[in-house]
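Close look at the chain arrangement
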Amino acid sequence: MDYTQIANRLQKISSEVDIRKEKINILKENDIIPYVSKYDRTCTIKEANEMPEGERVRIAGRIIFRRIMGKFGFMKIQDVESAIQVSVGRNELSEEDYDFYKKMIDIADFVGVEGVLYRTQTGELTVRAEKVELLSKAMRPLPEKFHGLVDQEAKYRQRYLDLISSEETRRVMVGRSKAMKFIRNFLNDHGFMEVETPILQSAVCGASAKPFFTKHNALNKMCNLRIAPETYLKQVISAGFDRVFEMGKVFRNEGMDTQHLQEFTMCEWYASYWDFEKNITFFQEFMRSLLMNVIGTTKVMYQGIELDFGAEWQRVNYTEKMREILGFDFVAIDNVKELIAKVVETGLFKEEDFDGIKTCGGVIDYIYKREIRTELVQPTILYNYPACLVPLARRNDKDNRLIDMFQVLAVGCELCKAYSELVDPIVQRQTFEEQARAKHDGDDEAMDLDEDFMLSMEHGMPPISGLGFGLDRLMVVMFDQPSVRDVVLFPLMK
């Protein structure tokens, strides 16, 4: 290749993108493939970094740094797990190959490198390149001076650039993948079977949330995207499966904030013959094992606060705490207007605070989020909930106004929700009918009466306890991130 002629062609171009496009044209004109079909590596970059000096390697990655000093220089190549320095000089490469490296290869290109490992005078493990091959030509450069993306929205929209330039983002996303693998292995090792349930459903059920709707053209019917896999997983338990779980996407058409996205990953498990107390013990074991496996400690730093999941978790009685705050027996009131009036009398809230809330459960939940949730910093088991909050949970044997349910919270963040499941078909139908009345009165988060689910329950279900958690929110706490968007590869943007 005539590099003088090439330099003259490139001098006439001012745009970095156009220069790279012209290099691609030049490569093709000279029968050099700018996008090869494969490259045979002997190891990954991470594996190369663990090898001794003198070892010969063939590795590949993206160039993230390059410095040329006449007939010698260094570059750094990277993949998602690691990076390594490469020295490139005329002593190892022919004049033609070295000129090609200097003139036709750029930062952001993918290259293959063959050579021997050694340590520089500063002690850095380096590959002494004997061959550098262009594998894939990047048409656009990396972010300015490789400082990475500064604009937060750009980080979400161009996550691939954020991953290239941000070690922290790579740490979180690799950690998330490791966590998902651990969760599946942990549950499998404890006798749970992974199953899949429909995302397109015919009834809005399994949680209190606004759904997304879509038209099924072949059936000529409206369907909803699932807000939870709960009712289908309990049908599998009804069929005789002892323990089941599912990890997958759910969709809730509601507000966005640092702890909520409309599309998120949910893990739910259900165990025959367990009650909610058994699930408390199991979730504690799960959390401690997950943290040790993924980050190596049960102590987590979150926004400057150390959370100790290895210590004993405090327990707070939800109903008793709420009675203490309000000063009256709120579960004895089943009329929403009467309840609001009593709450307003306490002076804690104004009547307009409850505008748009149609149910007693909605009023109670509003108070809880402002008076209880924010105060719980260290891992806390919140239990003994009012029955009006969850229509799918088992009523307490001593007081049917309460349910055998718990949540685990830390720094005001709800990490899981679990309960002994309601398997009495008569009571379940009554709760669904209450939901139907609430929906008629304007509660757009109320559940539908799921007749397929009811039919399975009428055929008989064993005692069950189930637990669900949002993986994204758990990752936020584990990896000390300010928002769920920071633990999702491609969050939906406006």
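In the block above lies the structure referred to throughout.
This text gives an overview of the structure that appears in the document. (Residues numbered from 1 in each chain as written. Predicted model: local features only at pLDDT ≥ 70, side-chain atom pairs only at ≥ 80, totals over all residues. Heavy atoms only, no water.)

Bringing the overall build of the chain into the picture now. Looking only at helices and strands, the chain has 15 helices and 18 strands in total. Computed over its C-alpha atoms, the radius of gyration of the chain comes to 29 Å, more than 25% above the 23 Å expected for a compact globule of 494 residues. With the C-alpha coordinates of the chain rotated into their principal frame, the extents come out at 90 × 50 × 50 Å. By residue count, 50% of the 494 residues in the chain fall in the buried class. Look at the contacts in the chain between residues 6 or more apart in sequence, and 65% of them connect residues 24 or more apart. For the chain, the accessible area works out to roughly 24200 Å², and carbon and sulfur atoms hold 47% of it. The averaged location of the 79 negative side-chain charges in the chain is 5 Å from the averaged location of its 66 positive side-chain charges. (Helix = DSSP H or I, 4+ residues; strand = E, 2+ residues; numbered from the N terminus. Rg over C-alpha atoms; globule rule 2.2 N^0.38 Å. Buried < 20%, exposed > 50% of the residue type's maximum accessible area, 1.4 Å probe, protein only. Contact = heavy atoms within 4.5 Å. Areas by Shrake-Rupley, 256 points an atom, 1.4 Å probe, with all protein chains shown as cover. Lys, Arg positive; Asp, Glu negative; His and termini not counted. Charge placed at Lys NZ, Arg CZ, Asp CG, Glu CD.)

One ladder, built from four bridges, connects strand 12 (residues 299-302) with strand 13 (residues 305-308); its direction is antiparallel. Following the sheet pairing, Tyr302 is matched in strand 13 by Ile305. Between the antiparallel neighbours strand 12 and strand 13 lie two residues, among them Gln303 with a positive phi of about 50 degrees. (Pairing = 2+ DSSP bridges.)

We now examine the packing of helix 10 (residues 318-326) against helix 12 (residues 360-371). Contact pair helix 10 / helix 12: the axes reach a minimum separation of 11 Å and the direction vectors enclose 85 degrees. The angle between helix 10 and helix 12 places the two elements in the roughly perpendicular class. The segment helix 10 lies against helix 12, with Tyr318, Met322, Ile325 and Leu326 engaging Ile364, Asp365, Ile367, Tyr368 and Glu371. For the contact of helix 10 with helix 12, the residue count by class is seven nonpolar, no polar and two charged. (Axes fitted to C-alpha atoms, helices over the stretch in contact; angles between N-to-C directions. Parallel < 35°, antiparallel > 145°, perpendicular 65-115°, else oblique. Nonpolar A, V, L, I, M, F, W, Y, C, P; charged D, E, K, R; others polar.)

Turning our eyes to something else, we now look at the side chain of Arg62. With respect to the helices and strands, the residue Arg62 is situated in strand 1 (residues 56-69). Although Arg62 is buried, it makes no salt bridge; Asp109 carries the closest opposite charge, 7.1 Å away. Apart from the residues lying within four places of it in its own chain, the contact partners of Arg62 are Lys76, Ile77, Gln78, Ala108, Asp109, Phe110, Leu142 and Ile164. (Salt bridge = Lys/Arg side-chain N within 4 Å of Asp/Glu carboxyl O.)

Before going further, it helps to spend a moment on the sheet that holds strand 9 (residues 221-225). Ordered in space as 7-9-8, the three strands form an open sheet in which the pairing is antiparallel. The open sheet has two edge strands, strand 7 (200-201) and strand 8 (213-216), and neither has a second partner.

Right, let's talk about the side chain of Asn224 for a bit. Its location among the elements puts Asn224 in strand 9. A polar contact of 3.4 Å, which involves the side chain of Asn224, links it to the backbone nitrogen of Ala203. (Polar contact = N/O pair within 3.5 Å; in protein donor to acceptor, adjacent residues only side chain to side chain.)

To continue, consider the sheet that holds strand 5 (residues 125-136). With respect to topology, five strands assemble into a closed barrel ordered 1-2-3-5-4, the strand pairing being mixed. Strand-to-strand twist in this sheet, taken as the mean axis angle between neighbours without regard to direction, amounts to 55 degrees. The sheet contact formed by strand 3 (residues 83-89) and strand 5 spans three bridges and is parallel. If you follow Gln85 over to strand 5, its bridge partner there is Thr126.

Moving on, we come to the nonpolar core. Ranked by size, the top nonpolar core spans 49 residues in total, and within it Trp269, Phe283, Phe286 and Phe469 carry the most contacts. Setting aside residues no more than four positions away along its own chain, Trp269 makes contact with Leu187, Phe192, Val244, Phe245, Asn279, Phe282, Phe283, Phe286, Ser465, Gly466, Leu467 and Phe469. (Core = buried A, V, L, I, M, F, W, Y, C linked by side-chain atoms within 4.5 Å.)

Every buried residue of helix 14 (residues 451-458) is listed here: Phe453, Met454, Ser456 and Met457. The arc enclosing the buried residues of helix 14, seen along the axis, measures out at 160 degrees, which places them on a common side. Taken together, the buried residues of helix 14 touch helix 8 (230-238) and helix 13 (425-440). Between the side-chain oxygen of the N-cap and the backbone nitrogen of Asp452 there are 3.2 Å, and the N-cap of helix 14 in question is Asp450. Looking one or two residues past helix 14, Gly460 carries a phi angle of roughly 110 degrees, positive in sign. (Arc of directions from axis to C-beta.)

Once that is clear, we can look at a nonpolar patch on the surface. A grouping of Tyr160, Leu489 and Phe490 is seen on the molecular surface, where their side chains present a nonpolar patch of about 330 Å² in accessible area. Inspection of the secondary structure assignment puts Phe490 in the segment after helix 15 (471-478). A relative accessible area of 56% means that Phe490 is categorised as exposed. (Patch = residues over 30% accessible without salt bridge, like charges linked within 9 Å, V, L, I, M, F, W, Y side chains within 5 Å.)

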